[in-house]
Amino acid sequence: MPTPRPAIVVKVDPEIADMVPRFLENRSRDVARLREALGRADAEAVRAIGHTLNGVGGGYGFPAISEFGARIEEAGAAQRTDTAAGVVDELADYLERVQVEPGEPS
Amino acid sequence: MSDGPKPPKLEDLDFTELLGPSGPSVKPKPATPEVEGEGLIGEKALKAEGYHVVLARERGTAREGKAVVLVVEDDDDTAALAMRALERGGYAVGRAKDSKETATYLQRLVIPELILLDVELPGIDGFKMLSHLRAHPKLASVAVVMFTSRSSREDVVRGITLGADGYIAKPIAPKTLLEIVNKVLGR
């Protein structure tokens with residue numbers, strides 16, 4: 001039986017904590033949209049979704065999501081869909097493991 | 001190819017036509033690149049958070065009372081975060097997703113004190129919208145702060161040269177965003 005991967009705990013600003021569940025749901029939708037775009041080799045769509053992820057993640061207290069987004073955007077812009085697919089898998093893994101706690105963002 | 005509606009052209013949404021030819025006559029803002037030195041606002045706060053850049057000219061022209069900020073942003077989560085920060089900061093906030101909604105807002109609602117303007121938008125991009133705003137007799141004096149993940153030096157210089165009052169590189173903490181808007185509006 002595989003060992004469960006450890007949770008990633010992220011502390012979010014209490015003033016926006018109520019917005020975070022929807023934010024994370026939408027990121028999971030982004031993973032699905034990215035996989036659809038990769039499935040049809042639409043590098044521009046991959047770039048655009050990565051661009052949005054890059055812009056939105058850090059504001060909600062998830063700089064890792066911005067970093068994934070920047071890498072996806074860069075790979076999409078360079079038409080490197082294989083590279084983008086790997087980062088999308090990393091993002092999906094992150095979203096499965098992330099747990100949110102109110103507190104001062106680190 | 002999609003058979004859906006074509007993106008609106010800002011040229012087709014002439015702000016003069018929408019708003020009427022009357023109104024205060026203001027001179028277009030000078031295209032003054034202010035990339036370094038004095039005039040940088042919020043730069044220190046952003047750097048402390050590891051963000052790239054913000055540039056702005058202090059305006060000090062805000063009216064008394066509740067100022068209106070229009071957030072032009074196509075991403076719902078980004079817009080919601082900015083609106084939350086601005087509303088908690090005491091602003092009345094509107095939102096438009098693209099150039100067409102921006103023109104509609106300006107026609108039917110109110111001319112805001114400040115427009116927070118994304119660059120990558122469906123149809124007309126934020127830089128082109130900025131150039132049209134600056135050429136319009138009723139809108140040229142509205143403060144515009146670019147709000148974008150496109151933060152290369154080339155992009156920043158382009159925005160400032162076109163007449164932006166500030167340039168915020170996403171992602172940005174809500175608190176910092178509010179500080180910058182306050183600073184640009186002299187509040």
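What counts and how
- Residues numbered from 1 in each chain as written.
- Chains lettered and ligands numbered in written order.
- Predicted model: local features only at pLDDT ≥ 70, side-chain atom pairs only at ≥ 80, totals over all residues.
- Helix = DSSP H or I, 4+ residues; strand = E, 2+ residues; numbered from the N terminus.
- Rg over C-alpha atoms; globule rule 2.2 N^0.38 Å.
- Buried ≥ 20, exposed ≤ 12 C-beta atoms within 10 Å, placed from the backbone.
- pLDDT = per-residue confidence, 0-100.
- Contact = placed C-beta atoms within 7 Å.
- Nonpolar A, V, L, I, M, F, W, Y, C, P; charged D, E, K, R; others polar.
- Pairing = 2+ DSSP bridges.
- Axes fitted to C-alpha atoms, helices over the stretch in contact; angles between N-to-C directions.
- Parallel < 35°, antiparallel > 145°, perpendicular 65-115°, else oblique.
- Left-handed = near helix turned anticlockwise from the far one by under 90°.
- Core = buried A, V, L, I, M, F, W, Y, C linked by C-beta atoms within 7 Å.

(A) Region of the structure containing the overall build of chain A. Scanning chain A from N- to C-terminus turns up 4 helices and 2 strands. For chain A, the α and β elements follow one another from N to C terminus as β-α-α-α-α-β. Rg of the C-alpha trace for chain A: 14 Å, near the compact-globule value of 13 Å for 106 residues, within the 12% margin. Counting only C-alpha atoms, chain A reaches 40 × 40 × 20 Å along its principal axes. Looking at the 106 residues of chain A, the share that counts as buried comes to 35%.

(B) View of the confidence of the model for chain B. Residue and element names in this part refer to chain B. Looking at chain B as a whole, the pLDDT averages 75, with 65% of positions reaching at least 70. A low-confidence stretch, residues 7-13 stays under pLDDT 50, and its non-local contacts, those more than four residues away or across chains, total 16 contacts. Contacts from residues 49-63, a stretch scored under 50 in pLDDT, to residues over four places away or in other chains number 58 contacts. Interface confidence for the predicted complex, given as ipTM, is 0.90, next to a pTM of 0.78.

(C) Representation of the interface of chain B and chain A in the model. Chain B puts 13 residues into the contact, and the matching count from chain A is 14 residues. Per element, the largest residue contribution to the side of chain B that touches chain A is 5 residues, and it comes from helix α3 (residues 76-88) of chain B. Taken together, the residues of the side of chain B that touches chain A break down into 6 nonpolar, 2 polar and 5 charged.

(D) A look at the sheet that holds strand β1 (residues 68-72) of chain B. Residue and element names in this part refer to chain B. A sheet is described by the order of its strands in space; here 5 strands give the open sequence β2-β1-β3-β4-β5, paired in parallel fashion. At either margin of the open sheet sits one strand with a lone partner, and together these are β2 (92-96) and β5 (166-169). Going across the sheet, the axis of each strand differs from the next one's by a mean of 20°, ignoring polarity. Relative to β2, β1 runs parallel, the two sharing 5 bridges. Within the sheet, the bridge partner assigned to V71 lies in β2 and is R95.

(E) Region of the structure containing the packing of helix α2 (residues 43-56) of chain A against helix α3 (residues 63-77) of chain A. Residue and element names in this part refer to chain A. Where α2 meets α3, the axes come as close as 7 Å, and the angle between the chain directions of the two elements is 155°. With respect to their mutual orientation, α2 and α3 come out roughly antiparallel. In terms of crossing hand, the pair formed by α2 and α3 is left-handed. Note on element contacts: α3 touches α2 through I65, S66, F68, G69, A70, I72, E73, G76 and A77, opposite A43, E44, V46, R47, I49, G50, H51, L53 and N54. Of the residues belonging to the contact of α2 with α3, the class tally is 9 nonpolar, 6 polar and 3 charged.

(F) Structural detail: the nonpolar core. If you look at the biggest cluster of nonpolar residues, it comprises 67 residues, and the most contacted ones within it are I72(A), L114(B), L116(B), L117(B), V145(B) and V181(B). Setting aside anything within four residues of it in sequence, one finds L116(B) in contact with V69(B), V71(B), V72(B), A82(B), V145(B) and F147(B).

(G) Spotlight on the pairing of strand β3 (residues 114-117) of chain B. Residue and element names in this part refer to chain B. Neither face of β3 is left uncovered, since the one carrying L114 and L116 and the one carrying I115 and L117 both have all their residues buried. Note: β1 against β3, 4 bridges, orientation parallel. Considered in β3, the bridge of V72 is made with L117. Where β3 and strand β4 (residues 143-148) come together, 4 bridges link them in parallel fashion. Along β4, the bridge assignment pairs I115 with V144.

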